[in-house]
Amino acid sequence: MAKHEKEIVENSTSYGAAQIEVLKGLEAVRKRPGMYVGNTAERGLHQLVYEAVDNAVDEALAGCAKHVRVILHKDGSCSVEDDGRGIPIDVMPKERMPAVEVVMTMLHAGGKFGKGGYKVSGGLHGVGISVVNALSERMITRVKRDGKIWEIQFERGKTVQKLKPIDKAEGTGTLQWFLPDRSVFETLDFHWDILQKRLRELAFLNRGLEITLRDERVDPLKERVFMYEGGIVSFVEHLNDKKDPIHPIISTNGEREGVLVEVAMQWADAYSETIFSFANNINTTEGGMHLLGFRTAVGNAVNSYARKRGMLKESDPSLSTDDCMEGLTAVVSVKLEEPQFEGQTKTKLGNTRVRTIVYGLVNERLDFFFEENPKYARAIVDKCMQAARAREAAKKARDLSRRKNALDGSGLPGKLVDCTNADPKASEIFLVEGDSAGGTAKMGRDFRSQAILPLRGKILNVWKAREDKVFANEEIRTMITALGTGIAADFDIGKLRYHKIIIMTDADVDGSHIRTLLLTFFYQQMRALLEEKFIYIAQPPLYGVRRGKKQNYAFSDEELKAIIGDADPKEFVVQQYKGLGEMDAEQLADTTMDISSRRLKQVTVEDGVAAEEMFTTLMGDKVEPRKEFIQAYARSVKNLDL
Ligand code: 0RA
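All values derive from a computational prediction rather than experimental measurement.

## Let's talk about the sheet that holds strand β24 (residues 572-576)
Working step 1: Taken in spatial order, the three strands make up an open sheet running β23-β22-β24, and their pairing is antiparallel. A strand with exactly one partner marks an edge of an open sheet, and here the two such strands are β23 (550-554) and β24. Across the sheet, the mean angle from the axis of one strand to that of its neighbour is 20°, orientation sign disregarded.
Working step 2: Of the strand pairs in this sheet, strand β22 (residues 543-547) and β23 are connected by five bridges, and their pairing is antiparallel. Across the sheet, R547 pairs through a bridge with K550, a residue of β23.
Working step 3: The strands touched by helix α18 (residues 557-564) within the sheet are β22, β23 and β24, with β23 carrying the most contacts at an inclination of about 150°.

Here is the structure:
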C-alpha cells in the first residue's frame, strides 16, 4: 500500500476504513480469481461449492452442526445450508457492520472470531466465503437465530441489501445461496460426479455428519445422502470393497497435544498400496509428516513382531517400510490448529510434531492388535515377507534386463522400428498387437514421427503375475527400454522418448485384455505417464464400406447405419474388421494412424480412488466386479478426436 493511501484509510471517518478494505479485497479477488480458487475453469467453479461446504463442515467440527445440504438449482445457482449456530449477526464495533457482513465481504475474516475448533486453512481452501461472494453475480446469506431469519444480499461481493429480519423461525443455521459470475468463469456447469466424490469423502472424514447432495436441474431430480457412522473405517471398507482382506480393519483415534488423529487400515491379498492422508479434511496428496509417522510406525511394528515371534531370524535383514505397505489400504486423517501446508500444490503437511504423534498412536495400536490377534499378525507378517522376496526377485530381473540392454550396442531393442525424428515432443510410438499387424503398421507409418513396437500375445501370461514375473517378461522389458524412462527408482519421465504412446490392439477379447494389461502396468509402474496424459488408445474402424470406387469407414454401428442410410444395401459392400491384420497398410494408415484423419482416445488418471478400484477389479480373482468394470470402462476413457 502506498503511503498516501494509508493516510486516507486511517483518516477516513465517515465512510470507514473497513469499507475501503472491503472494496480493495474484493477487487483483488476479481482481478486474479485464479489466485484464490485455482482457476476460472471447472476446478475453480467447484471450489466455490467446496468453500461454502467447508464453512459448514467447520461448524460441524465444532460440534454444532449435524446436517449439510447442497442443492444445485435449475438456474445454475447453488445453495449450501447447515444447521449450525448461524453466523453471528451482531454489529462489530471496529467495522461497524454486522459480523455476517464482515465475514461475507472481508478477505480472511473467517478466523477473526476465535471460533475455536479446527479451522481449515490450507491450500486453496479456507480462503474465506468472501471469495465466493466476490466471484458470484448474486449471493444471498440467510441466518436463522434469535427466533428470526435474517437476510443480506450481495452482487459481485458488494452489499446491495443490508441485513434485515425477513421472517420468524425456530432453530439456528446458515444458508448460502450463490450464482457464480458468468463473466468470471468459463463454465457454469456443476458436475454431479465431482461434487459427490468430495462430499462423500467429507462424510467419511467427519463421522456421523450427514451431507446431502441434490440436483434439481435434472428431471427427475437426483438426491444422495452421505452419512457414515463408521467414519474412516467405512472409508477403508469402501476402498477394499472389491479386494480380499486378510484381517478385520484395524483403527485407532486419539488426541495428543491438540492434534486429533484418526487411522483405519487393512491389508488385502493385493500388491498395490492405497494410502490416503488428510489434514483438516484436505487430501494431502503430497503426503507429509502424518504420512511419514504412519509408515514408520507400521514398518517398525511389523518388524518388531516378526523378530519377537522368530519369523525374522537375527541374521535376516529387516523388512523395508515399502514391503510392509504391500496390499495395504489405509486412511490417515489428522486435524490440528494452524496446519502448515507445503509442497508444489500445498498438499504436504509440514508440522513436524505431527509425525511423532501419529507414530506413537499407530505403533501402540498395532503392537496391541498383533498381541491380541496372533493369527492375523502372522498373516500380515507373512504377506510383508512375501513382498520382500518378490521385490528382491524383481530387482534381480531388472538388473538382468539392464545388463542385457547394455550388450545390445545402441541400447534399443531390435524389434523396435524407430522413427527418424529425435525430438520426443514430435514422436509417437505405436504398441501394436502381433508381429503381422506390426508389419502392416510399419509400412503405413510416417517414418519420421512414428515408431512401431510389435508386442506378441505372450504378454498375456503376466496378467495375474507379481512384479518379478512382469519384469521377467521379454515383451515388457522391450517396451521399457523403447520408452527410455527406466522404472521404479530409476524412473525419469524426462527421458521419455515419445510423447504419444499409442496402444493399438485388435477389437476382440484378447485385444482388450492386452490393452488393459498395458494400462495396469503403466498405472502401477509408470503412473506419471498417465498423469501427464502421454497414453492413448488407437481407434481402428469396425467396418469398411465400399460403394463403387468410394471407400468409407465406420467406427460404430451407428456410423455404419448413417453411411448406408436408406439406400439399397446391395449398392454397398460392407466388410467387418475383426483385427488390424485385415487392413492393408494404406487402410490402416488412413483410418487409424494418419494424424490428419485418425481418432485417438486419451487415457488419464483423474481419480486415485477410481483408478485403484478399476485395476483391482481387473487384476483380482473376483470375476463379477471385473465384468462390471469392463462395461463401465469404456466410459472412463475420454473421447478425443485428434
Ligand atoms: C463464527 C462464530 C460462530 C459461528 C460461526 C462463525 C458460523 C459460521 C458459519 C459459516 C457457515 N455456517 C456457519 N455457522 C456458524 C459462533 C456463534 C455463536 O456462538 O453463536
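## Remarks on the site of the ligand
Working step 1: Within the structure, the ligand sits among 11 residues, and E59, D82, R85, I87 and R145 are positioned closest to it.
Working step 2: A distance of 2.7 Å is found between a nitrogen atom of the ligand and a side-chain nitrogen or oxygen belonging to D82.
Working step 3: A distance of 3.0 Å separates an oxygen atom of the ligand from a polar side-chain atom of R145.
Working step 4: In isolation the ligand has 460 Å² of accessible area, and contact with the protein removes 81% of it.
Working step 5: Among the residues making up the shell around the ligand, the classes are represented as three nonpolar, three polar and five charged.

## With respect to the packing of aromatic side chains
Working step 1: Enumeration according to the criterion identifies eight aromatic pairs in this entry.
Working step 2: With centroids separated by 4.4 Å and ring planes inclined at 10°, the aromatic side chains of F204 and F235 adopt a geometry described as stacked. With a gap of 31 residues between them, F204 in helix α7 (residues 192-205) and F235 in helix α8 (residues 232-239) connect regions that are remote in the sequence. Like F204, the residue F235 is buried in the burial classification.
Working step 3: Every member of this aromatic cluster is reached through a ring pair, and the members are F204, Y228, F235, F276 and F278.
Working step 4: Above the plane of the ring of Y376 lies K375, whose end atom (NZ or CZ) is 5.4 Å from the centre.

## Comments concerning the side chain of D215
Working step 1: Within the secondary structure layout, D215 lies in strand β9 (residues 210-215).
Working step 2: You can call D215 buried: its relative accessible area is 3%.
Working step 3: Here R217 takes part through its side chain, which lies 2.9 Å from a polar atom of the side chain of D215.
Working step 4: Apart from residues lying up to four places away in sequence, D215 is in contact with L72, W192, L221 and K222.

Cut-offs used in this document
Residues numbered from 1 in each chain as written. Predicted model: local features only at pLDDT ≥ 70, side-chain atom pairs only at ≥ 80, totals over all residues. Heavy atoms only, no water. Pairing = 2+ DSSP bridges. Helix = DSSP H or I, 4+ residues; strand = E, 2+ residues; numbered from the N terminus. Axes fitted to C-alpha atoms, helices over the stretch in contact; angles between N-to-C directions. Contact = heavy atoms within 4.5 Å. Near = heavy atom within 4 Å. Polar contact = N/O pair within 3.5 Å; in protein donor to acceptor, adjacent residues only side chain to side chain. Areas by Shrake-Rupley, 256 points an atom, 1.4 Å probe, with all protein chains shown as cover. Nonpolar A, V, L, I, M, F, W, Y, C, P; charged D, E, K, R; others polar. Phe/Tyr/Trp six-rings, centres within 6.5 Å; stacked < 30°, edge-to-face > 60°. Buried < 20%, exposed > 50% of the residue type's maximum accessible area, 1.4 Å probe, protein only. Lys NZ or Arg CZ within 6 Å of the ring centre and 35° of its normal.

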